[in-house]
Amino acid sequence: GALVYQYPRRTICKSGTSMRMECQAVGFQATSVAWYRQSPQKTFELIALSTVNSAIKYEQNFTQEKFPISHPNLSFSSMTVLNAYLEDRGLYLCGVWGNQDTQYFGPGTRLLVL
Amino acid sequence: GDSVTQTEGQVALSEEDFLTIHCNYSASGYPALFWYVQYPGEGPQFLFRASRDKEKGSSRGFEATYDKGTTSFHLRKASVQESDSAVYYCALGRPNTNKVVFGTGTRLQVLP
């Protein structure tokens, strides 16, 4: 079956520092990977959509300068949160399109900023 | 643009009660419709999907029927268990754009 792993599951960083999170698909090809942020008061905010061999598309209010993404192959993607501040707290999810045109999600990386 | 509305923010039931969580969507054409369930500390888990009018999706005793006439995809379960307590998200997707739009979620609490 389709499995999506994310690492780390939880991380704490000091305000103004950066942290990198990873997403790995097992059992299917991650041609497209979507990164979301789930905040306590909000539902899922789409950050960007990354497709192998195509430009990464960022949603409004999210930029490459703040959330650079790497998607080097069909099983792996990573995203960095640069200069993290309190408003960047939340659960970061990667969603990978798999079989039957369904998006499968990893368990998320919870970011806490001190 | 596409949108999904879940009217119930929270639902509290007793074990063996019947469950309905309402989901309505606004979109052109025939988007795919999904239900996901999210447990504390986890990412959303795919429950099932439907992509055609009158198509029924089901999994783990949950079911929903795609209704283009009422633009709805209501989640139902005949008899809930305490282990069903979680947040349920209705979602709309267009595979050709690789985008998914989520509803605001409904927190289900099932009391023993």
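This text goes with the structure placed above it.
Residues numbered from 1 in each chain as written. Chains lettered and ligands numbered in written order. Predicted model: local features only at pLDDT ≥ 70, side-chain atom pairs only at ≥ 80, totals over all residues. Heavy atoms only, no water.

Undergrad: Before we go on, may I ask you to explain the sheet that holds strand E8 (residues 62-65) of chain B in this structure?
TA: In any sheet, the strands associate via hydrogen bonds between backbone groups, in a parallel or an antiparallel arrangement. Residue and element names in this part refer to chain B. Within the open sheet, the four strands sit side by side as E3-E9-E8-E7. Their pairing is antiparallel. Looking at which strands have only one partner, the edges of the open sheet turn out to be strand E3 (19-21) and strand E7 (56-59). Put simply, the sheet's adjacent strands are angled 20° from each other on average, direction ignored. Pairing geometry for E7 and E8, over four bridges, is antiparallel. Counterpart to Gly-57 in the pairing with E8 is Ala-64. (Pairing = 2+ DSSP bridges. Helix = DSSP H or I, 4+ residues; strand = E, 2+ residues; numbered from the N terminus. Axes fitted to C-alpha atoms, helices over the stretch in contact; angles between N-to-C directions.)

Undergrad: Looking at this structure, how should I read unusual backbone geometry?
TA: Residues apart from glycine generally show negative phi values, whereas peptide bonds are mostly found in trans. Cis rather than trans, the peptide bond between Tyr7(A) and Pro8(A) has omega equal to -5°. As for its placement among the helices and strands, Pro8(A) is situated in the loop between strand E1 (3-7) and strand E2 (10-13). Look at Asn83(A): it is not a glycine, yet its phi comes out positive at around 50°. Looking at the secondary structure, you find Asn83(A) in the loop between strand E8 (76-81) and strand E9 (90-97). Owing to a relative accessible area of 44%, Asn83(A) belongs among the partly exposed residues under this scheme. A positive phi angle is found at Arg60(B), which is not glycine, with a value near 55°. (Buried < 20%, exposed > 50% of the residue type's maximum accessible area, 1.4 Å probe, protein only.)

Undergrad: Looking at this structure, how should I read the interface of chain A and chain B?
TA: It is common to give the size of an interface as the accessible area lost on bringing the parts into contact. With 21 residues of chain A at the contact, the number on the chain B side is 18 residues. Note on chain A versus chain B: buried area summed over both sides is about 1,600 Å², and carbon and sulfur give 58% of it. Contact with chain B buries area across many residues of chain A, yet Phe44(A), Trp97(A) and Phe105(A) alone supply 31% of it, more than any other trio. Taken together, the elements giving at least two residues each to the side of chain A that touches chain B come down to strand E4 (32-38), strand E5 (44-51), E9 and strand E10 (103-105) of chain A. (Contact = heavy atoms within 4.5 Å. Buried area = accessible area lost by both parts, 1.4 Å probe.)

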